[in-house]
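Commentary on secondary and tertiary structure
What follows is the residue order along each chain.
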Amino acid sequence: MTDCHPAPARAGERLAVIDHDAPLIALAGQPNMGKSTLFNLLTGLNQHVGNWPGKTVERREGHFDLNGRTARLVDLPGAYSLTANSPEEVIAREFILRDKPTVVIAVISAANLERSLYLVAELAALDAPLVVALNMVDVAAQEGIQVDAAALEASLGVPVIPMTASKALGVPRLLDVVENLLASSEPQHINQPEVRSDHRAVLENIESLVAAHIPAPYPPGWISLKLLEGDAEVTQMMRTLLPVQVWDAVHEVLRAHDDAFLAVASGRYEWIGRIIRSAVSHPKVGQVGITERIDRWAAHPVWGLFILAGILGLVFWLTFAIGSPLQEWLEAQIIAPLAGWAAQALTGAPFWVQGMIVDGLIGGVGSVLTFLPILIIFFAAFALIEDVGYMARAAYVMDNLMHLMGLHGKSFLPLFLGFGCNVPAIMGTRVIESWPARLLTILIAPFVPCTARMAVVAFIAPVFFGSRAVWVSWGLILLSLLALVGSGALLNRVIFKGQRSAFVMEMPLYHVPNARTIGLLVWQRSLAFVKKAGTAILGMSLLVWVLSYLPNGDLNTSFLAKFGQWLEPLGQWMGFDWRLMVALITSFPAKENAIATLGVLFGNSPGAGLADALSATFSTATALSFLVVTMLFIPCMATVAVIKQEANSWRWALVSLLLPLLLSVLAGTSVYHLALWIGL
Amino acid sequence: MPENNRQLLLSDMNTGDHATILAFQGGRAVVNRLASLGFTPGAQVDMSQNYGRGPLIVTVRGMRVALGRGEADNIVVSRGAHD
């Protein structure tokens, strides 16, 4: 969920140039272990983001220089365990079993060994060559935890490399160890955890029953263990593979021990406990850490909400204070002179060439590109909040409010992301485990005002409201959120009949943000925006210009004017003329198009910028109504496409179009008449 | 439900209390997820934040975990650390 409007996934497209004999290395780890930091550190910009085939889970793959040779690196999805609780966990284990990576690097945290070794306990059963990257040594040291890597290595039976990925410490040694492991043909002797003693006989019993029937890539011991754990996928697979009488016997044993997964999990934690006792010295107990102290405020049921509102407010304020002047400066100093210069240079060219380049290309795409500083500030701020570890707190304090819609706090995470861009928000709903909750979140996510909509607000609000623009913008955000909660509550009542799902979420430790991680996120998202400006927005700008020029070169009798005039009766409810209706409709491919379209439509106003032309043409009531409708209008084309893809249904995609359409016309009409009534 | 006064629900613990997990009630899918996060019988749980309503935060095996009240209602504990 890092990419704004990503291109359709074509896995391996960019990696086709890489030698497929190159060693394949997999990164495994639980969430919040610094796995992505290590992946970014190794691959830099040589990475490709797509989807795992047939799954809505992000797949990141790249290549890096392994002491002189190229190696492929696959970032497995973050998973707490390898039991089929979630698609991430299934993908991680299937990849290791089927694609047989030459080496699996397990990223664990020195600051939280007990919990992060749980995944290592699961990986140990998969028979893959394993290297343990003992990350976050610096954080552990701050908390007074000393981990003896040599002792850990001795008790695990696999290489353990201490490192601090956020400061790029320990990486050369990791690469050396991986290289050695590639060269060596000696099998590893990984120390395996055992099932808690009261269930060992049961496991042996299952093993003897199924041993002769296990298919190729699966280790027999692992299959028996997963059967005992009640793993849904493995159970299903073995039910179809085993002869009926064998399955009946196995099923009988499993039924008698249906709480055995607790014995398996307990066995792993006993194993972890023994390892920790030998490797960790002097863990401080009962000390109040910095995270606990911050959370007394950040996760407080009342203050937490104020802090969240404050953070959001700060981000929007930054945009207005720094982004808007930059945007105006670009418009006045770069785009306007460029348009003037191009008009002069093209005086000899046919009129339509001049019009297309000056009004369509520079006026349309150019205006949109001036929003880049605004977007970069947004992306940087959100990447920072994400990387510091604050997101989980936002989800936590929003849990009560989300209950109004039958959702829980986790649904707030993708919604939060939606302030950047709705597309990653829809994709981000993948963190929600239950399908009804996920679908509901998908349907309400487009009401979160994205940067593109805020860019339109950032342009129009100051023109009509001057210094009060910040308050108008706040009001518009509040209105959008009200629409979100209202329609969420309604949909929950009507469609989901008040079902609720379990809320279990890790609260990661706060940590110092990593400039590289943030920089890469900002880079990827900004690049996606520039690409969009070069394609969807360019196409729309040119189309708008052509339609405003045909059939006889006069805007007022053009096709575009006719279409707008045809819709004007509807627009009049909301105080719009045909030009605003056209701007609204052309915002479907991309929300920022509203400004680009107005740029084209007012391109003929002599000697005045778009801002002056707008304030001379429209009343404040009309402007306010236009802003309200823009906030609530149908989601952009890319968002609808992603909704269709993630919900796997045209019906829900249609619902996601009709609901906002109805709501925006209703809200626009009411706001316009209310504004007229109070004399705006 | 708890049979004697030593058995409580995790949601009954106050901020700062220590408890030991005894058993789980409720659906297997949730219990399985909880188990992989370190919630197993015998594990010690510290209540980091509980305001009596809404979600709560506990620390289990060194990890801070947010739980919905409904989930915490399904974890049977006894007060104090047993080790």
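Just so it is clear, the structure is predicted and the values come from calculations on it, not from any experiment.

Here we come to the overall build of chain B. When you go through chain B residue by residue, the secondary structure sums to 2 helices and 6 strands. Element order for chain B, N to C, with α for helix and β for strand: β-β-α-β-β-β-α-β. Its C-alpha atoms give chain B a radius of gyration of 11 Å, within 12% of the compact-globule value 12 Å for 83 residues. C-alpha atoms of chain B, sized along the principal axes, occupy 25 × 25 × 25 Å.

With that out of the way, let us pick up the overall build of chain A. What chain A contains, in helices and strands, is 30 helices and 10 strands. Radius of gyration (C-alpha) of chain A: 29 Å, near the 26 Å computed for a compact globule of 680 residues. Taken over the C-alpha atoms alone, chain A extends approximately 85 × 55 × 55 Å along its principal axes. Here chain A holds 680 residues, and the buried ones make up 57% of them. Counting contacts in chain A only where the partners sit at least 6 residues apart, residues at least 24 apart contribute 75% of the total. For chain A, the accessible area works out to roughly 28,000 Å², and carbon and sulfur atoms hold 63% of it.

As a further point, take the interface of chain A and chain B. If you look at the interface, chain A gives 37 residues, while chain B gives 31 residues. Here chain A and chain B share an interface that buries about 2,900 Å² over both sides, 56% of which is from carbon and sulfur atoms. Of all residues in chain A, the largest losses of buried area upon contact with chain B belong to Phe261, Tyr396 and Val504 of chain A, amounting jointly to 20% of the total for that side. Across the chain A-chain B interface, the total number found is 3 salt bridges. For Arg64 of chain B, the salt bridge goes to Asp295 of chain A, with nearest N and O atoms at 2.7 Å. For the pair chain A and chain B, the number of links is 13 residue pairs in polar contact (both at pLDDT 80 or more). Elements with a contribution of two residues or more to the side of chain A that touches chain B: helix H3 (113-123), helix H11 (260-279), helix H12 (290-298), helix H16 (391-397), helix H17 (399-403) and strand E10 (504-506) of chain A. No other element matches H11 of chain A, which puts 5 residues into the side of chain A that touches chain B. Residues belonging to the side of chain A that touches chain B are distributed by class as follows: 14 nonpolar, 10 polar and 13 charged.

Tallying each qualifying case throughout the model produces 11 aromatic pairs over all chains. On the basis of an interplanar angle of 40° and a centroid distance of 6.4 Å, the ring pair of Trp297 of chain A and Trp303 of chain A is categorised as tilted. Since its relative accessible area comes to 52%, Trp297 of chain A is described here as exposed. Under the relative-accessibility criterion, Trp303 of chain A is labelled partly exposed at 42%. Here the aromatic rings of Phe416 of chain A and Phe419 of chain A are separated by 6.3 Å at their centres, their planes lie at 90°, and the arrangement is edge-to-face. Classification of Phe419 of chain A as buried rests on a relative accessible area of 3%. Within the aromatic cluster, the residues linked to one another by ring pairs are Phe382, Phe412, Phe416 and Phe419 of chain A. Over the ring of Tyr510 of chain A we find Arg393 of chain A, and its NZ or CZ is 4.2 Å from the ring centre. A cation over an aromatic ring shows up here: Arg61 of chain B above the ring of Tyr269 of chain A, its NZ or CZ 3.7 Å from the ring centre.

Okay, the packing of helix H21 (residues 451-465) of chain A against helix H27 (residues 610-617) of chain A next. Residue and element names in this part refer to chain A. Running from N to C, H21 and H27 point in directions that differ by 55°, and their axes come no closer than 10 Å. In terms of axis orientation, H21 runs oblique to H27. When you trace H21 past H27, the crossing you get is right-handed. Seen from H21, the contacting residues are Phe459, Val463 and Phe464; seen from H27, they are Leu610, Ala611, Leu614 and Ser615.

Below, the discussion takes up the sheet that holds strand E5 (residues 103-109) of chain A. Residue and element names in this part refer to chain A. A sheet is described by the order of its strands in space; here 7 strands give the open sequence E2-E3-E4-E1-E5-E6-E8, paired in mixed fashion. The open sheet terminates on both sides in strands that have one partner only, identified here as strand E2 (47-51) and strand E8 (160-162). Sheet twist, expressed as the average angle between the axes of neighbouring strands with direction ignored, equals 25°. Where E5 meets strand E6 (residues 130-135), 6 bridges bridge the pair, whose relative direction is parallel. Counterpart to Ile108 in the pairing with E6 is Leu134. Sheet strands touched by helix H2 (residues 87-99): strand E1 (24-29), strand E3 (58-66), strand E4 (69-75) and E5. Its angle to E1, the strand with the most contacts, is close to 155°.

Another point: the confidence of the model for chain B. Residues and elements named next belong to chain B. With 90% of its residues at a pLDDT of 70 or more, chain B shows a mean pLDDT of 87. Element-level pLDDT for chain B is lowest in helix H1 (residues 28-36), with a mean of 85, against a maximum mean of 95 in strand E4 (residues 56-60). The ipTM value of the predicted complex is 0.91, and its pTM value is 0.81.

Residues Trp297, Val302, Trp303 and Phe306 of chain A make up a contiguous nonpolar surface patch of roughly 480 Å² in combined accessible area. Counting through the fold element by element, Phe306 of chain A comes out in helix H13 (residues 303-345).

In this section: the sheet that holds E4 of chain B. Taken in spatial order, the 7 strands line up as E10(A)-E5(B)-E4(B)-E3(B)-E2(B)-E6(B)-E1(B) in an open sheet, and their pairing is antiparallel. Only two strands of the sheet have a single neighbouring strand rather than two, namely E10 of chain A together with strand E1 (7-9) of chain B. Sheet twist, expressed as the average angle between the axes of neighbouring strands with direction ignored, equals 40°. As defined by bridge partners, strand E3 (residues 44-49) of chain B adjoins E4 of chain B across 4 bridges and the pair is classed as antiparallel. Residue pairing in the sheet places Gln49 of chain B in a bridge with Ile57 of chain B of E4 of chain B.

So, on to the pairing of E6 of chain A. Residue and element names in this part refer to chain A. Judged by how many residues are buried, E6 sits mostly within the fold: 6 of 6 residues are covered. Side-chain alternation along E6 places Leu130, Val132 and Leu134 on one buried face and Val131, Ala133 and Asn135 on a second face that is also buried. Handedness of the crossover is the feature at issue here: the chain leaves E5, passes through H3, returns alongside E6, and the resulting connection is right-handed. In terms of strand pairing, E6 meets E8 through 3 bridges, oriented parallel. Each bridged residue has a counterpart across the sheet, and for Val132 the counterpart in E8 is Val160.

What counts, and where the lines are drawn
- Residues numbered from 1 in each chain as written.
- Chains lettered and ligands numbered in written order.
- Predicted model: local features only at pLDDT ≥ 70, side-chain atom pairs only at ≥ 80, totals over all residues.
- Heavy atoms only, no water.
- Helix = DSSP H or I, 4+ residues; strand = E, 2+ residues; numbered from the N terminus.
- Rg over C-alpha atoms; globule rule 2.2 N^0.38 Å.
- Buried < 20%, exposed > 50% of the residue type's maximum accessible area, 1.4 Å probe, protein only.
- Contact = heavy atoms within 4.5 Å.
- Areas by Shrake-Rupley, 256 points an atom, 1.4 Å probe, with all protein chains shown as cover.
- Buried area = accessible area lost by both parts, 1.4 Å probe.
- Salt bridge = Lys/Arg side-chain N within 4 Å of Asp/Glu carboxyl O.
- Polar contact = N/O pair within 3.5 Å; in protein donor to acceptor, adjacent residues only side chain to side chain.
- Nonpolar A, V, L, I, M, F, W, Y, C, P; charged D, E, K, R; others polar.
- Phe/Tyr/Trp six-rings, centres within 6.5 Å; stacked < 30°, edge-to-face > 60°.
- Lys NZ or Arg CZ within 6 Å of the ring centre and 35° of its normal.
- Axes fitted to C-alpha atoms, helices over the stretch in contact; angles between N-to-C directions.
- Parallel < 35°, antiparallel > 145°, perpendicular 65-115°, else oblique.
- Left-handed = near helix turned anticlockwise from the far one by under 90°.
- Pairing = 2+ DSSP bridges.
- pLDDT = per-residue confidence, 0-100.
- Patch = residues over 30% accessible without salt bridge, like charges linked within 9 Å, V, L, I, M, F, W, Y side chains within 5 Å.
- Right-handed = clockwise from strand over helix to strand, strands pointing away.

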